[in-house]
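# Architecture at a glance
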Amino acid sequence: DQQVKQNSPSLSVQEGRISILNCDYTNSMFDYFLWYKKYPAEGPTFLISISSIKDKNEDGRFTVFLNKSAKHLSLHIVPSQPGDSAVYFCAASASSGTYKYIFGTGTRLKVLA
Amino acid sequence: EAQVTQNPRYLITVTGKKLTVTCSQNMNHEYMSWYRQDPGLGLRQIYYSMNVEVTDKGDVPEGYKVSRKEKRNFPLILESPSPNQTSLYFCASAMGYQETQYFGPGTRLLVL
């Protein structure tokens, strides 16, 4: 049972436009969410996070939105740049219980110049 | 330079031959973790460690062992590798749980 789902395996966006990557989760105990970016032949790198006490967090061109009632989060990249082309993973964790992370399957973003 | 290192980066082995993948971090992090990445399955956590001598199972621990005898090192042990453990493995570390995780460069393992 996939507790964290990224239903779009890939996404193509024109340079300068907005990229929206989506992530859904099923476990209501999750209270901390992260996005990681991964280039080929490298390890994932942290991008942005959000706690369940917030519904939005911004860092430069990257904004993460959290809709707890829908169990949905999204990552907005504005404006998209060719260097943003990578695989993006969302991840979720719960502050009570175990200390595990559950990752989604990833979305491959291609930003077209 | 703050980093997580993994060795080896590439490994080809045969079924049943015990192997160890090392992971080391120089950031004095308490939380360390191992993941595997497989096509269509994303990243899945194998084991994690909250601190020295404290380890616990992630989502896919079968066939793996870990140890945390020192804070900086967190080796992943495959006592009897099988072909279904062919994968790309990542080690990660963080100051604590729900802190930013820093990932190593990955170890690509092929089990024949």
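Shown above is the structure to which this text applies.
Described in the following lines is the structure provided in the data block. (Residues numbered from 1 in each chain as written. Chains lettered and ligands numbered in written order. Predicted model: local features only at pLDDT ≥ 70, side-chain atom pairs only at ≥ 80, totals over all residues. Heavy atoms only, no water.)

Attention now goes to the state of the cysteines. Overall, the coordinates contain 2 disulfides over all chains when judged by the stated rule. Here Cys23 of chain A pairs with Cys90 of chain A through a disulfide, and the sulfurs are 1.9 Å apart. Taking the torsion about the sulfur-sulfur bond, which here is approximately 65°, the covalent link between Cys23 of chain A and Cys90 of chain A counts as right-handed. Residue Cys23 of chain A is located in strand 3 (residues 19–25), and its partner Cys90 of chain A is located in strand 9 (residues 86–93); the two are separated by 67 residues in the primary sequence. Note on Cys23 of chain A: relative accessible area 2%, which makes it buried. Note that Cys23 of chain B is cross-linked by a disulfide to Cys91 of chain B, the S-S spacing being 1.8 Å. Measuring handedness by torsion sign, the sulfur bridge of Cys23 of chain B and Cys91 of chain B sits at about -70° and is left-handed. Note that Cys23 of chain B is positioned in strand 3 (residues 19–25) and Cys91 of chain B in strand 9 (residues 87–94), a separation of 68 residues in sequence. (Disulfide = S-S within 2.5 Å. Helix = DSSP H or I, 4+ residues; strand = E, 2+ residues; numbered from the N terminus. Buried < 20%, exposed > 50% of the residue type's maximum accessible area, 1.4 Å probe, protein only.)

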